[in-house]
Structures are given as structure tokens and as C-alpha cells.
Amino acid sequence: MRGLKGAFAAVMFAVVLAFVLLAPIFLQKALPRNQYTEWMQPSPEPYSGIVRVWHIVGFKPYKGSFGNYLAQWSRKIEKKHVGIYFEVLSMTAEEAAGRLSRGESPDIYSFPAGYTDSEGLLELDLETPRYVGNLNDVGRDKGLYAVPYAVSGYCLLANSQILQERNQVLPAAVDSEWLSGAQQSMTFERGKKRVKISGLAGDAVMAAYWGLDAPVAPYEDFLNKRAALAIADARAAGDLQRSLENNKGFTYEIRILDGFTTLVQLLGINKSTEPQKVPYALEFIQLMLSEEAQATLADIGAFPATALAAAPKYDLEVLQSIAKMLEAPVAPNAFLYKRYRDTLYEAANRALSGDAFGAKEFEERLIELEPDIKIR
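A brief look at the structure comes next.

Quick notes on the rules
- Residues numbered from 1 in each chain as written.
- Predicted model: local features only at pLDDT ≥ 70, side-chain atom pairs only at ≥ 80, totals over all residues.
- Heavy atoms only, no water.
- Buried < 20%, exposed > 50% of the residue type's maximum accessible area, 1.4 Å probe, protein only.
- Helix = DSSP H or I, 4+ residues; strand = E, 2+ residues; numbered from the N terminus.
- Pairing = 2+ DSSP bridges.
- Axes fitted to C-alpha atoms, helices over the stretch in contact; angles between N-to-C directions.
- Parallel < 35°, antiparallel > 145°, perpendicular 65-115°, else oblique.
- Left-handed = near helix turned anticlockwise from the far one by under 90°.
- Contact = heavy atoms within 4.5 Å.
- Polar contact = N/O pair within 3.5 Å; in protein donor to acceptor, adjacent residues only side chain to side chain.
- 1 Å grid on protein atoms, 1.4 Å probe; cavity = no way out; pocket = protein on both sides within 12 Å on 5 of 7 lines; lining within 4 Å.
- Points joined across faces, edges and corners; volume = space filled by probe spheres on them.
- Nonpolar A, V, L, I, M, F, W, Y, C, P; charged D, E, K, R; others polar.
- Phe/Tyr/Trp six-rings, centres within 6.5 Å; stacked < 30°, edge-to-face > 60°.
- Salt bridge = Lys/Arg side-chain N within 4 Å of Asp/Glu carboxyl O.

**Considerations on the pairing of strand E3 (residues 108-112)**
Right, so step 1: Buried residues dominate E3, accounting for 5 of its 5 residues.
Right, so step 2: Covered by surrounding structure in E3 are Ile-108, Ser-110 and Pro-112 together with Tyr-109 and Phe-111, the residues of both alternating faces.
Right, so step 3: Inspection of the sheet shows E3 paired to strand E12 (residues 264-269) by 5 bridges, in the antiparallel sense. Paired with Phe-111 across the two strands is Leu-266, which belongs to E12.

Laid out in C-alpha cells, this is it:
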């Protein structure tokens, strides 16, 4: 009996000794792990790093900025994918050219129609939503290389004081005949000074589209009270209103022009983007086309490119009117517009100067950009 107790004691001693020697090794391995929360941790991402978005500023919303809008929505993807960060930088086309020349490049472009051709972009493999108007084809060049996510429209702005001085009344519905008459420059007395006031300032292509036949002044002439009228975008109307609210600027009237617009903002992926980043870039683009993201464009006075189940809510009548006009916009293909934009503006200025050949070329170029369009 005493021998059995001795053997048992020896075995137990060996077990205890083995536990003392080996337990720290297993405990050390187990300490970093929390078995209760480990199953809740997200799976590691196949890529970790920064996805760079360059927002090329072409036109702006009524208020705020597209850059901030994109950055806010990118946070949703960052929360979903641990280790993925989005960097959104806003810049002009000239600033982007400078960065590219120094070897920098984005992963995603947010760009206005006419900024680039399709050669530097990756062909997109994604399901597109139902677009308004003809926007479904704006980012296509045989394949799909960019998707429109926002659009804006043109307005006719009128300086109320100058109209009164010229004995002109802005009609409820502007047409080419009225614009043609109002476009003429006039000279009249203002106090002790004799002042020459241009009839129309602003965008030459839109003026030629409306069939006008006299040159337009720079938009700055309208801001400086040297032009009675101006064709400009929704942001210009917003800036005028904010100036008026700050006791600057001047009283004005506004009329919404029809649905032809070159003001379309698109998203595309840089062809040289690392393959590991592409899924996140595609997810970002898909998010920006979602019903939720498109509806919140109303918060900055911009207008959705997609057909939404419920119309966005705008707090200003002018924005409601532009939104109504943009329910079926007509826009040129973004890449063709890049190819022909300079020629189009040159032909427009010639047409506005009374050059019959310039008018013919302008119409031909415009129809080439959008076959269904007709000069007003």
C-alpha cells in the first residue's frame, strides 16, 4: 500500500512539474486573445490604405461644395472597412494638371463634363441606376467610363435697377425674341454720367443656343452693373442672393432657362489605380448613386442625376424651379464635349458676332454633341 502511495505521489509530482513548466508558454499565447469578443471583430481587409479622390471644380452647387459632400459620404465606407481611408481634395483643372505633372494621381476623379477623355479612365463594371433625361449616355465611350452623379442648370439673371432704367420688363417666360431685343447695348444718363450698359453677359454657348446674334459681355460686367442681363448657373444665383442678404450687390430678378445644360458632374476611376483599391472605388461610386446620397444633393442646392422615387425637398423657390426644369435634362456626352468644347465656344462667339459660317458651324457641332437638340 505504501508503494502505491509513493508511485501515485511520483506521478502527481511529474504532472504538477509539467504544468508549472509548460503552462506559461500556453498562457502567453492565449493572453492577447479575448475569446468572448474575438468573434465580433471584422474580417481583415485585403487592402489597407488611402483611396484618393480628386474633385475637379467645374461648376458649383447653389451653396456649399461637392468636395465636402463627397467627403461626408466617404465616411460611411471608412466605417464599414477598417483600415480604408478616403482623402477628398478639391482643385481646379489647372491645379490638377500641375499635380499630374509632378507625378501625383488620384484613384477616383470627380470631374465636370468636358474635363477629360476616356483614355485615362478604367472601364466600369457596375450596375447603373435609372437616369433622368439623356444622362445615361453622358459617361459612355462605347463602354462605360464615368457615371454622372449631379447636374445643374442655367438661369437668366436681371439687374432690376438697370431694367427699370431701360424701361424693360422681364417677362414671366423668356423666349428668343425677347432676349434678342433685350440683348442690345444702350447708352443713357445716370446722374451726371453718360453710361453704356451691355444687354447680356455670361455664357456664349448658351447665348448662341438661344439664337442670339450679338456678342455677350463677360459675366463680371453683370456683377459690376455694366450689363443688364446674364446667363449663368445656379451658383451665380446663390451668390447674388447671399450678397443681397449681406447688404451688398443689387436687387435682381431670375428666370429659369430650359433643360439644355453642359453642367454635369461625373465620377470615374483612374486607369492606373492599384487593383486592390478598385473594389473600394467602385463601392464609393455605387454609394454616390444610391437613392439616399442622391436625395441629399438638395442640402447643397444641387440636383440629382438619377430618377428618385420621391422628389428631393428644396427650401427655395428658385431651386424648386431649376429642379423641375432638370427632370429631363439634355446634356452632351462628357468626352465628346472635351473634344469639341473649344471649337464650340469659338463658333458660338463667331455666331454672336454675326458670322453666318460661325452660326452654321456652331449648330453642326451642337447637333454632333447631342443629335436631338435644336437651336432656340
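**Quick word on the packing of helix H2 (residues 66-80) against helix H9 (residues 278-288)**
Right, so step 1: Relative to each other, H2 and H9 sit at 125°, their axes nearing to 10 Å. By the angle between their directions, the pair H2 and H9 is classed as oblique. For the element pair H2 and H9, the recorded crossing hand is right-handed. Judged by residue contacts, Tyr-69, Leu-70, Trp-73, Ser-74, Lys-76, Ile-77 and Lys-80 of H2 engage Tyr-280, Glu-283, Phe-284, Leu-287 and Met-288 from H9.

**Considerations on the side chain of Asp-233**
Right, so step 1: Counting through the fold element by element, Asp-233 comes out in strand E10 (residues 227-233).
Right, so step 2: In terms of polar contacts, Asp-233 uses its side chain to reach the backbone amide nitrogen of Arg-235, at 3.3 Å.
Right, so step 3: Within polar-contact distance, the side chain of Asp-233 engages the backbone nitrogen of Ala-236 at 3.0 Å.

**Re the sheet that holds E3**
One key point about sheets: their strands pair by backbone hydrogen bonds, in either a parallel or an antiparallel sense.
Right, so step 1: Spatially, 6 strands are ordered E2-E1-E3-E12-E6-E13 in an open sheet, and the strand pairing comes out mixed. Because the sheet does not close on itself, it has two edges, and the strands there are strand E2 (84-91) and strand E13 (303-304).

**Thoughts on the layout of surface pockets**
Right, so step 1: Of the voids in this model, the largest pocket is the one considered here, and its volume is about 790 Å³.
Right, so step 2: In terms of lining, the largest pocket is formed by 27 residues, of which the most central are Val-57, Gly-58, Phe-59, Asp-233 and Leu-263.
Right, so step 3: Partitioning the lining of the largest pocket into residue classes produces 17 nonpolar, 4 polar and 6 charged.
Right, so step 4: The space that makes up the second largest pocket amounts to roughly 300 Å³.

**Considerations on the environment of Gln-294**
Right, so step 1: With respect to the helices, strands and loops of the structure, Gln-294 is situated in helix H10 (residues 291-295).
Right, so step 2: C-alpha separation for the pair Gln-294 and Pro-312, spaced 18 residues apart in sequence, amounts to 8.6 Å.
Right, so step 3: Gln-294 has contacts with Tyr-69, Tyr-149, Met-288, Leu-289, Pro-304, Ala-305, Thr-306 and Leu-308, leaving out every residue within four places of it along the chain.
Right, so step 4: Within the structure, the side chain of Gln-294 is placed 2.9 Å from the backbone oxygen of Tyr-149, a separation counted as a polar contact.

**Here's the deal with the packing of aromatic side chains**
Right, so step 1: Within this structure, the stated rule accounts for 12 aromatic pairs.
Right, so step 2: Seen from their ring centres, Tyr-109 and Tyr-115 are 6.2 Å apart, and the 50° between their planes marks the pair as tilted.
Right, so step 3: You can call Tyr-109 buried: its relative accessible area is 8%.
Right, so step 4: Taken together through their ring pairs, the aromatic side chains of Trp-54, Tyr-109, Phe-111 and Tyr-115 make up a single cluster.

**Remarks on the pattern of salt bridges**
Right, so step 1: Under the defined criterion, the tally for this structure stands at 19 salt bridges.
Right, so step 2: Of the charged contacts, one joins Glu-104 and Arg-102 as a salt bridge, the two residues approaching to 3.7 Å between their closest N and O atoms.
Right, so step 3: A relative accessible area of 60% means that Arg-102 is categorised as exposed.
Right, so step 4: Put simply, Glu-274 and Lys-277 hold a salt bridge, and the shortest N to O gap is 3.7 Å.
Right, so step 5: The exposure class of Glu-274 is partly exposed, given its relative accessible area of 37%.
Right, so step 6: Taken together, the salt bridges that share partners define one network made up of Arg-99, Arg-102 and Glu-104.

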